[in-house]
Amino acid sequence: MSGPLHGLRGVVLTQAWAGTYCTQLLGFLGADIIQVEVRKRLDSWRGSYDMPMPAALREVPTAKHPWNCNPLYNSVNTNKRCVTLDLQAAEGREVLLRMVRHADFVAENFSPRVLGNLGLGYDALREVKPDIILLSLSAYGNTGPWANVPGIGGTIEPTSGMTALHGYEGGPPMNSGQMYPDAVAGLYGCGAILAALHHRQSTGEGQYIDLSMQEANLAHIGDAAIEWALTGRQRPRMGNRHTTFAPHGIYPCAGENRWVAAASETEVQWLALCGALGHAEWAADARFASASARKANEDALDAAIGAATAGADRDSLARRLSAAGVIAAAVLEADEVASDPHLRERGVIETVTHPEAGTWDMICSPFHFSKTTPGATRPAPCLGEHNFEVFSELLGMSHDEYEALVASGVSGVGPPDGYEGGTG
Amino acid sequence: MTPRALDGVRVIDFSTTVAGAWCSRLLADFGAEVVLAEPPAGHPLRQLAPFDHAGASIPAAYFLANKRSVTLDLDSEAGRGVFRGLAARCDVLVSSAAPSWLATRGLEYGSFGRADLVMAHATEHGMAGALAETPGNDLTTAARSGWAALNGLLSREPLKPSGWQSSMCTGVAAWAAVLAALWRRGEHAGEGQEVDVAAVDVMASTFAPAVLRTLYGGETLRRRAEVDMLSGPVPVRDGHFALTISRAHFWRDAMHILGLEDLAADPRWEAGHYRASHKDEYVGRVEEAMRGWTRHDLFQELAARRVIAGPVLEMAELAANEHLQARGFWAQLDDGEAPATFPGAPFKMTRTPWELSGRAPAPGRAAEDGR
C-alpha cells in the first residue's frame, strides 16, 4: 500500500524545522521527497561536523558521524531521500534544475533573497517545469519592510503575538518549551502545497506560495486578534485556564514532577469529578454549584482540587477520572510519550532503524487513511545517502558522471574537501 | 472572477469542535463551499467566551466565518434524513464525533453508500485505539503529547499551550489530509475514503524533536528552571524581548550592539556548546545590558545586522505593524456591518488567493442573509 500522494515528487531545499516538517508531512502522505542539502553549510538541525555525539549514541557502534546522528534532524526528515549539491557552483544548479523537471513541487525555507540570488527563483524553476509549485517558507514572507529580517521559531513566537498569550496568570510572557511556531508553519505549508496541487489537478497551473511564519502563527491565534479588534482587550495570559470552563487545570500528584490534567465542560463531568476525587460534597458547595460560580471561584476550586490530588498516584488517578467521564490525562514526560500505548496502537509510534543512529521508537505520521495506508516509515537519510540513486533514477546519470560531480566537489558525502574541523 | 484553489468542492461540516471548525474554515477560505450542519441549540462554539459587546462569541466569529449554516437535529430521524440529502451532494464530510456517537445514529462512513465520499474525522483521540471513546480537550492533549511537560517552569505546574492550539493544529492537519484524499480521488476516479486525524497524534507529531532528543540524549528534557534569555524573552525597557543566539556572528554583533565588547572579542563565546556550559558568566550581564533598550530600537539594530531577535508584540501592536500592513495581512469585511478586522491568510497563494467573504452565519442562515 502507499499513501494518497503516491506518484508525486518534491525536490526540496528545506532545512531546520518548519520547512523539513512541512515536507516530512508530505512524505508521510506518500510523496517522494528528495531533500537537497549543501555540504559547505550544513542544515542547522544536522548540527556541525565537529559536534559531540549524543550521549546515548556513544555506545552505538554504527554511530560514526554526528551530522547523521542529530536527533533534531532525524526526527523531522524520515521517509526522505537526500542528495547533496553545491548550489554556488553552476554545475550544481544545473543538476538541481534537471531534477526540478521531474518534480511536482519545490519547497524551501531560506531567507527570501537566497533562492533568487542563486538564480533559482520561481521564474527560473517555471522555465524548466511550467506547472511547478514553489513554496517559500520564511520568517516574515517575501515582501514588506521585514522581508529580510531573519527569524526562527524562538523569535516568531514573540513577533506573532503568541508569546504574549503564553504563560502563567499574572506572570511574564513565555515562549513554548521548543520552537512551536515552526511546527505550525510546517503544517500550513503542507496544506498550502496540497491546495496548489488541487488547483493544478483541475487547471494544469502551478503557482508560487509565499508563507510567512509570522502570519501563519498569527492566523493560528486569530481568535485573540479578533478579541482585540472587537473589544480593544488584549487577551491575558491564562496559565492552564479556559475562557469558559472551570475547573481546567494541571494539578500535583504524589512524587516529584508528577501531574494530572483535569477539566469539566459539563455538569455531568463536574459531578463525576467530585465523585472520583471523593468530594461529593463539592456539588452542594455554593461556590461551585454552577458553571458560572465555579468560574468565579476558580482559585478556591483549583486549591481544593490540588489538595485532593496531591497525595494520589498520577496514573491511577488519571485512569479513575477518565473512567468516570472526566476530561483528564496524566502529564507525560517526553520519554513517556515515546512509549505511550495509545500512540503505539495507532501506529503513530513506530520502531525505526537508522543506519548509523540505531533502532529507536519514533513519533511518525499523524495521518490515517482508510484506503491509502502508507508502508513503514523509513529513517532520515544520511548526508548524501541517495546521491547516485536519485541522480541515476531521475536523470539517467552514469557512474562516471556522478564520480566527476564528486571529484569537483559539487556533490558527495560528509564534510567538503578542505574542511579543517574534526569529523566526530 | 479570481479562481480559488478549492473551487467546486462541497463540504458539510457537522463537527462541534474548534478542530473540525478550523478544518472547514480553511476549506472555505480557499474556495470550498462549506455548510455547517449545527444542532438546533446552535454550534457549541457559540457558547464559548469571550464575547463581544453584543454578546456574540468571539471564538465562533473566527472559527465559523466564511460558511453557511443549517440547523439539524441529528438525534431525530427527520433531521438525519435531511442531513443524508445534503451529504449525498457533497464531496467532503467533516465530523468530530466519537465512533459510538456515529454508530448509534447510523451515520458511519459506510451508511452514506458513497464510494467517492471523503469523510474526515477530527477528534481528540482518534477513531481507533484504546482512548477512542475517552473525552479530552486541548488541556489533556497538551498533557498526553508531551507539550505541557516542556512548557512553563520546573518549579511550577506544567503549562498547556495558550487557547485552542492543539485544536487548531488538528484542524490544519485534517484540512491537509482532506486535500490529500481529494487529490487521490482526482487521480483515481471516484475513490473516496475516511481520514482519521486525532489531536493527540498531531500534537505528538509536533513534539517529535523533543522525544528523539530525549532518547538520543539519554536524559528527559524538562521544563526550564528559570526564565532567562536562553529560554525566551526577557525584560527590556518597554516590554519583553527574545535574543536568540545561534551562529557565531550573531553573538559578536549582538554583544557589540549591547556594548559588551569583552564578550564580543573573546572567541570562546562563539561556540554554542561553550555558551551553554558557561551561561552563569554572561547571561546576567547581557540581560542587564538589554534592559536599557526599547524593543523597537533593539530590534532595528539587531535586524540591520541580520541577528535573529524578536520583540514580544501584543495585538494592538500587530494591528498597527508596518510590515503586516505593507503585506496586506489584515482583512476587512465590507458587508455593511460594523467594520471588522480579521486576521488574513496564513499564506499567500499567488494564483488562487485566500478570501474572507462572510462573517460567521447565524444558526440556520446563509452567511449573506444571516444578520
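Residues numbered from 1 in each chain as written. Chains lettered and ligands numbered in written order. Predicted model: local features only at pLDDT ≥ 70, side-chain atom pairs only at ≥ 80, totals over all residues. Heavy atoms only, no water.

**Student:** Please explain the sheet that holds strand β2 (residues 33-38) of chain B as it appears in this structure.
**Tutor:** On the basis of which strands lie adjacent, the open sheet formed by 7 strands has the order β12(A)-β6(B)-β5(B)-β4(B)-β1(B)-β2(B)-β3(B) and mixed pairing. The open sheet has two free edges, formed respectively by β12 (367-369) of chain A together with β3 (68-71) of chain B, since each of these has just one partner strand. In this sheet, adjacent strand axes meet at a mean angle of 20 degrees when their direction is disregarded. Bridge count between strand β5 (residues 118-123) of chain B and strand β6 (residues 193-198) of chain B: 6 bridges; the pairing is parallel. The residue bridging His121 of chain B from the neighbouring strand is Asp196 of chain B, located in β6 of chain B. Lying over the sheet, helix α3 (residues 77-87) of chain B contacts β1 (10-13), β2, β3 and β4 (92-95) of chain B, oriented at roughly 155 degrees with respect to β1 of chain B. The strands touched by helix α7 (residues 165-187) of chain B within the sheet are β12 of chain A together with β4, β5 and β6 of chain B, with β6 of chain B carrying the most contacts at an inclination of about 160 degrees. (Pairing = 2+ DSSP bridges. Helix = DSSP H or I, 4+ residues; strand = E, 2+ residues; numbered from the N terminus. Axes fitted to C-alpha atoms, helices over the stretch in contact; angles between N-to-C directions. Contact = heavy atoms within 4.5 Å.)

**Student:** Is there a simple way to think about unusual backbone geometry in this case?
**Tutor:** Where the residue is not glycine, phi is negative for most of them; where a peptide bond is considered, it is trans in most cases. The omega torsion across Ala246 of chain A and Pro247 of chain A is 0 degrees, close enough to zero to call that bond cis. Within the fold, Pro247 of chain A resides in the loop between α10 (222-231) and β7 (248-252). Omega for the peptide link from Ala49 of chain B to Pro50 of chain B comes to 0 degrees, which places this bond in the cis form. In this structure, Pro50 of chain B sits in the loop between β2 and α2 (58-63). One non-glycine residue, Asn257 of chain A, lies in the positive phi region at around 55 degrees. Structurally, the position occupied by Asn257 of chain A is in the loop between β7 and β8 (259-263). Taking the relative accessible area as the measure of exposure, Asn257 of chain A reaches 14% and is therefore buried. Positive phi, normally seen in glycine, also occurs at Asn66 of chain B, with a value near 70 degrees. Asn66 of chain B sits in the buried class, given a relative accessible area of 10%. (Buried < 20%, exposed > 50% of the residue type's maximum accessible area, 1.4 Å probe, protein only.)

**Student:** Honestly, the sheet that holds β8 of chain A in this entry has me stumped. Any pointers?
**Tutor:** Residue and element names in this part refer to chain A. Taken together, 3 strands build an open sheet; the order of strands is β7-β8-β9 and the sheet is antiparallel. Edge positions in the open sheet fall to β7 and β9 (327-330), since each of these has one partner strand only. Averaged over all adjacent pairs, the angle separating strand axes in this sheet is 20 degrees, with direction ignored. Strand direction decides the pairing type here: β7 and β8, joined by 5 bridges, are antiparallel. Each residue of the ladder has a partner; that of Gly249, found in β8, is Ala262.

**Student:** What's the story with the packing of aromatic side chains in this structure? I'm lost.
**Tutor:** Each aromatic ring pair is specified by the distance between its two centres and by the angle formed by the two planes. Summed over the entire model, instances satisfying the criterion amount to 27 aromatic pairs over all chains. Judged by centre distance (5.8 Å) and plane angle (45 degrees), the ring pair of Phe388 of chain A and Tyr402 of chain A falls under tilted. Of this pair, Phe388 of chain A sits in helix α17 (residues 387-395) while Tyr402 of chain A sits in helix α18 (residues 399-407), and the two are 14 residues apart along the sequence. On the basis of relative accessibility, which here comes to 26%, the residue Phe388 of chain A falls in the partly exposed class. Classification of Tyr402 of chain A by relative accessible area gives buried; the value is 10%. An aromatic cluster is built from Trp22, Tyr62, Phe63 and Trp164 of chain B, whose rings are joined through pairwise contacts. Above the ring of Tyr73 of chain A, the side-chain terminus of Arg46 of chain A is found at 3.7 Å from the ring centroid. Over the aromatic face of Tyr168 of chain A sits the side chain of Arg156 of chain B, whose NZ or CZ is 3.9 Å from the ring centroid. (Phe/Tyr/Trp six-rings, centres within 6.5 Å; stacked < 30°, edge-to-face > 60°. Lys NZ or Arg CZ within 6 Å of the ring centre and 35° of its normal.)

**Student:** I would appreciate a short explanation of helix α5 (residues 138-145) of chain B in the present structure.
**Tutor:** Given 3.6 residues per helical turn, the α-helix brings residues three or four places apart onto the same face. All names here are of chain B. α5 sits mainly inside the fold: 8 of its 8 residues count as buried. If you check which residues of α5 are buried, you get Asp138, Leu139, Thr140, Thr141, Ala142, Ala143, Arg144 and Ser145. Where α5 begins, one side-chain oxygen reaches toward the backbone nitrogen of Leu139, 2.9 Å away; that side chain belongs to Asn137. Following α5 by one or two positions, Gly146 adopts a phi angle in the positive range, close to 100 degrees. (Polar contact = N/O pair within 3.5 Å; in protein donor to acceptor, adjacent residues only side chain to side chain.)

**Student:** Which parts of the structure should I look at to understand the interface of chain A and chain B?
**Tutor:** Where the parts come together, the accessible area they lose is often given as the size of the interface. Listed by partner, the interface residues are 150 residues for chain A and 144 residues for chain B. For the chain A face of the interface with chain B, the top three residues by lost area are Trp146, Tyr168 and Glu215 of chain A, together amounting to 6%. Summed over the shared surface of chain A and chain B, the result is 6 salt bridges. A salt bridge links Glu215 of chain A to Arg327 of chain B; the nearest nitrogen and oxygen atoms lie 2.7 Å apart. Counting across the chain A and chain B interface gives 55 residue pairs in polar contact (both at pLDDT 80 or more). A total of 15 residues in the side of chain A that touches chain B trace back to one element, the largest contributor, which is helix α8 (residues 180-203) of chain A. Among the residues making up the side of chain A that touches chain B, the classes are represented as 81 nonpolar, 52 polar and 17 charged. (Buried area = accessible area lost by both parts, 1.4 Å probe. Salt bridge = Lys/Arg side-chain N within 4 Å of Asp/Glu carboxyl O. Nonpolar A, V, L, I, M, F, W, Y, C, P; charged D, E, K, R; others polar.)

**Student:** Even after reading the chapter, I still don't get the nonpolar core, so can you show me in this structure?
**Tutor:** In globular proteins that are soluble, nonpolar side chains generally tend to be buried together. Judged by nonpolar contacts, the single largest core of 201 residues is most densely connected at Tyr188, Leu194 and Leu321 of chain A together with Leu27, Trp175, Leu243 and Val286 of chain B. Element by element, the count of residues in this core is highest for α7 of chain B, at 14 residues. Beyond its immediate sequence surroundings of up to four residues, Val286 of chain B is in contact with Met229, Leu243, Met255, Leu258, Leu260 and Leu263 of chain B. (Core = buried A, V, L, I, M, F, W, Y, C linked by side-chain atoms within 4.5 Å.)

**Student:** It is not clear to me how the pairing of β3 of chain B should be interpreted in this structure. Could you clarify?
**Tutor:** Regular strands place side chains that alternate from one sheet face to the opposite one. Residue and element names in this part refer to chain B. Pairing of β2 with β3 involves 4 bridges; the strand directions are parallel. Bridge pairing in β3 places Glu38 opposite Thr71. Regarding the hand of the β-α-β motif, the stretch spanning β2, α2 and β3 is right-handed. (Right-handed = clockwise from strand over helix to strand, strands pointing away.)

**Student:** Is there a simple way to explain the environment of Met349 of chain B in this structure?
**Tutor:** Locating Met349 of chain B in the fold gives a position in strand β12 (residues 348-349). Overall, Met349 of chain B belongs to the buried group, its relative accessible area being 4%. In this structure, the C-alpha to C-alpha distance between Met349 of chain B and Arg4 of chain B, residues 345 residues apart in sequence, is 9.4 Å. If sequence neighbours within four positions are ignored, Met349 of chain B has contacts with Ala192, Ala195, Ala196, Gln207, Tyr208 and Ile209 of chain A together with Ala5 and Phe30 of chain B.

**Student:** Whenever I open this one, the domain arrangement of chain A confuses me. Can you help?
**Tutor:** Parsing chain A into structural domains produces domain 1 (9-220 + 346-407) and domain 2 (248-337). For domain 1 of chain A and domain 2 of chain A, the distance between their C-alpha centroids amounts to 41 Å. (Domains from an automatic or database assignment.)

**Student:** How do you make sense of the environment of Ala88 of chain B when you look at a structure like this?
**Tutor:** Residue and element names in this part refer to chain B. Take Ala88: it is sitting in the loop between α3 and β4. Its relative accessible area of 49% is what places Ala88 among the partly exposed residues. Separated by 25 residues in the primary sequence, Ala88 and Gly113 have C-alpha atoms spaced 8.9 Å apart.

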